[in-house]
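Coordinates in review
Chain residues, written in single-letter form:
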Amino acid sequence: MSEQARRRPHKPYRRPQKDPVRMLAFEALRAVDERDAYANLVLPPLLRKAREKGDFDGRDAALATELVYGTLRRQGTYDAIISACVDRPLREVDPPVLDVLSLGAHQLLGTRIPTHAAVSASVELARVVLGDGRAKFVNAVLRKISQQDLDAWVAQVAPPYDDDAEDHLAVVHSHPRWVVSALWDSLGGGRAGIEDLLEADNERPEVTLVARPGRSTTEELAAATETLPGRWSPYALRMTEGGEPGAIEAVKEGRAGVQDEGSQLVAIALANAPLEGSDTRWLDGCAGPGGKAALLGALAAERGAFLLASEKQQHRARLVERALAGNPGPYQVITADGTRPAWRPGSFDRILMDVPCSGLGALRRRPEARWRRRPEDLDGFAPLQRALLTEALSAVRVGGVVGYATCSPHLAETRVVVDDVLKKVGGAELIDARPLLPGVPALGDGPDVQLWPHLHGTDAMYLALLRRTA
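To start, this report covers the structure provided alongside it. Since this is a predicted model, take the numbers as computed values, not measurements. (Residues numbered from 1 in each chain as written. Predicted model: local features only at pLDDT ≥ 70, side-chain atom pairs only at ≥ 80, totals over all residues. Heavy atoms only, no water.)

1. Quick word on helix α6 (residues 95–110)
Taking 1.5 Å of rise per residue, the 16 residues of α6 would be expected to cover 22 Å, and the 21 Å separating its terminal C-alpha atoms lies within 8% of that figure. α6 sits mainly inside the fold: 13 of its 16 residues count as buried. (Helix = DSSP H or I, 4+ residues; strand = E, 2+ residues; numbered from the N terminus. Expected span 1.5 Å × (residues − 1). Buried < 20%, exposed > 50% of the residue type's maximum accessible area, 1.4 Å probe, protein only.)

As structure tokens, this is what we get:
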């Protein structure tokens, strides 16, 4: 070592600085990865805790939310880009390192954060949560990513559309290939429609409120927060500027709630389906977590009808009880398995079976679900969906109506289930659901209804209405 080098003072070690926003985003992503948690359940308590500690203001909360959801929505695209910038398969990159890289990639490619700030903040986060050694790796990868914008990277890492259309769309729009294929089959049509749908899946959805009839009004909610009317439901309001719905008095008291407009339309359509004879006993056979049950309960109360809300899982049944608390009409919540009914055949005039499903219709709200689900999962849901619909048709009286609903547009969970059960059970017929969604466009050939994010601004809810004939 030269005399000059010996005399040069050592640069003091600088401790990494904790950035509360990026630390919280990283913590949320680790929970999603390690515990199979959902971001929409993990993030609110983390934000609340940060606000209580005084670490966060409104802008910080908005940035943390964007970092988490933006990273999860574009995870597939970012994985392809990161893969092009590392010298090993992604499966050999430690998951916490990959989370930091993904957060950094989103800041570089999906936000307006300046390049130098995105890189330096991500490297600082890496120093805190990974250590200085791995922070150097993060720095090197992010500097490579920063050399091109998103469009240039996508052009590099996605196969040409003409060579492999599904794989191209999967990389460009950050969906697993099998999901792209399934959605395209359900939607039909050409390239434009599926691209519009995949883009809509990656947009942040508006918060939609429901004013439960007889308990609250849209006028009351509009006076409490900045909103626009719902597109289709007479009980809906859209919080276009964001905000905290839990701070609204009617929501606190359970007289109103947060509910996607597609979910509202399913309940309304069932409630308005034409009946002959009695209309006094309604059943929500898969009632958890309670949003549809609360709306059905309010609509039933207006007619003096009784609602039985049944939910198999006890903790979800408690959520249903909370949602229905204060309902003005008669109701009861029970913990029961809809495939082994706790009621006699022919007991109900109207039944809603919103069955467990893959959740592919709610990818806007739960973007991580697209990476968590596998095609074989549908095989697990299929017997349960058929059993629940079969038992619902047994539980409804002759002339009564069953609504079969899923938050999935996958044909294996929608029309295939309904067709199979109708062939097996007999004594039931499909009725046209489209007139029961007045004003809603692009409902297809019927008689069932499939809603779409890009066409209707709702989750991709499916509804078939079946009348018992014998």
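2. Let's talk about the packing of aromatic side chains
The geometry of an aromatic ring pair is captured by two quantities: the separation of the ring centres and the angle between the planes. What the rule picks out here adds up to two aromatic pairs. When the centroid spacing of 6.0 Å and the interplanar angle of 85 degrees are considered together, the rings of Trp-343 and Phe-348 count as edge-to-face. Taken individually, Trp-343 and Phe-348 each receive the classification buried, so the pair is uniform in this respect. Ring centres of Tyr-404 and Tyr-462 lie 6.4 Å apart, and the angle between their planes is 75 degrees; on these two criteria the pair is classed as edge-to-face. One end of the pair, Tyr-404, is in strand β9 (residues 396–406); the other, Tyr-462, is in strand β12 (residues 462–468), and 58 residues separate them in sequence. Both residues of the pair, Tyr-404 and Tyr-462, belong to the buried class. Over the ring of Tyr-161 we find Arg-191; its NZ or CZ atom is 3.8 Å from the centre of that ring. Sitting above the plane of the Tyr-38 ring, Arg-372 keeps its charged end 4.7 Å from the centroid. (Phe/Tyr/Trp six-rings, centres within 6.5 Å; stacked < 30°, edge-to-face > 60°. Lys NZ or Arg CZ within 6 Å of the ring centre and 35° of its normal.)

3. Let's talk about the packing of helix α2 (residues 20–35) against α6
Packing of α2 against α6 brings their axes to within 10 Å, and their N-to-C directions diverge by 125 degrees. The angle between the axes of α2 and α6 places the two elements in the oblique class. Crossing geometry of α2 relative to α6 is assigned as right-handed. Counted together, Arg-22, Ala-25, Phe-26, Leu-29, Arg-30 and Asp-33 of α2 and Pro-95, Pro-96, Asp-99, Val-100, Leu-103 and Gln-107 of α6 form the full contact between these two elements. A breakdown of the residues in the contact of α2 with α6 according to their chemical character gives seven nonpolar, one polar and four charged. (Axes fitted to C-alpha atoms, helices over the stretch in contact; angles between N-to-C directions. Parallel < 35°, antiparallel > 145°, perpendicular 65-115°, else oblique. Left-handed = near helix turned anticlockwise from the far one by under 90°. Contact = heavy atoms within 4.5 Å. Nonpolar A, V, L, I, M, F, W, Y, C, P; charged D, E, K, R; others polar.)

4. Things to note about the side chain of Arg-22
In this structure, Arg-22 sits in helix α2. If we ignore the near neighbours within four places in the chain, the residues touching Arg-22 are Leu-63, Leu-67, Leu-103, Gln-107, Ile-113, Ala-121 and Leu-125.

5. Examining the layout of surface pockets
Remark: the empty space left among the atoms is shown by a probe the size of a water molecule rolled over them. Here the second largest pocket is characterised by a volume of approximately 510 Å³. Taken together, 22 residues line the second largest pocket, and the ones lying closest to its centre are Val-32, Asp-33, Gln-75, Asp-79 and Trp-371. Elements with a minimum of two residues in the lining of the second largest pocket: α2, α5 (75–83), α6 and α18 (369–372). At four residues, the largest contribution of residues to the lining of the second largest pocket is made by α6. (1 Å grid on protein atoms, 1.4 Å probe; cavity = no way out; pocket = protein on both sides within 12 Å on 5 of 7 lines; lining within 4 Å. Points joined across faces, edges and corners; volume = space filled by probe spheres on them.)

6. Examining empty space enclosed by the protein
Evaluated as defined, the whole model comprises one cavity of 30 Å³ or more. In this structure, the largest cavity encloses a volume near 30 Å³. Leu-183, Leu-197, Asp-201, Leu-360, Gly-361, Pro-409, Trp-452, Pro-453 and Ala-460 together form the lining of the largest cavity. Classifying every residue of the lining of the largest cavity gives seven nonpolar, one polar and one charged.

7. Some words on the pattern of salt bridges
Overall, the coordinates contain 31 salt bridges when judged by the stated rule. When the shortest N-O distance is used, the salt bridge between Arg-303 and Asp-279 registers 3.2 Å. Within this pair, whereas Arg-303 is found in the loop between α16 (291–302) and β6 (306–311), its partner Asp-279 is found in the loop between α15 (261–272) and β5 (281–284), the two being separated by 24 residues in sequence. Of the charged contacts, one joins Asp-420 and Arg-386 as a salt bridge, the two residues approaching to 2.7 Å between their closest N and O atoms. Pair noted here: Asp-420 is in helix α20 (residues 415–425) and Arg-386 is in helix α19 (residues 377–395), with a separation of 34 residues, a long-range link. Given the relative accessible area of 22%, Arg-386 is considered partly exposed. Where salt bridges share partners, they join Arg-30, Asp-33, Glu-34 and Asp-99 into one cluster. (Salt bridge = Lys/Arg side-chain N within 4 Å of Asp/Glu carboxyl O.)

8. Here we look at the state of the cysteines
One covalent bond between the sulfur atoms of two cysteine residues makes up a disulfide. Overall, the coordinates contain zero disulfides when judged by the stated rule. A disulfide-free cysteine, Cys-357 has its sulfur positioned 5.8 Å from the sulfur of Cys-407, the nearest such atom. Taking the relative accessible area as the measure of exposure, Cys-357 reaches 14% and is therefore buried. (Disulfide = S-S within 2.5 Å.)

9. Points about the nonpolar core
In this structure, Leu-24, Phe-56, Val-68, Val-138 and Ile-145 are the most contacted members of the largest nonpolar core, which totals 50 residues. Residue assignment for this core shows that the elements contributing at least two residues are α2, α3 (39–53), α4 (58–73), α5, α6, α7 (115–129) and α8 (132–145). Excluding its chain neighbours within four sequence positions, the residues that come into contact with Ile-145 are Ile-81, Ile-82, Cys-85, Ala-105, Leu-108, Leu-109 and Trp-153. Among the nonpolar cores identified, the runner-up in size contains 39 residues, and Val-210, Val-266, Ala-273 and Leu-299 belong to it. (Core = buried A, V, L, I, M, F, W, Y, C linked by side-chain atoms within 4.5 Å.)

10. Section: the packing of α5 against α6
Contact pair α5 / α6: the axes reach a minimum separation of 10 Å and the direction vectors enclose 100 degrees. Here α5 lies roughly perpendicular to α6, going by the angle between them. Two secondary-structure elements touch here, α5 through Gln-75, Tyr-78, Asp-79, Ile-81 and Ile-82 and α6 through Leu-98, Leu-101, Ser-102, Ala-105, His-106, Leu-109 and Gly-110. For the contact of α5 with α6, the per-class residue count stands at seven nonpolar, four polar and one charged.

Limitation: the analysis is restricted to geometry and does not speak to function.
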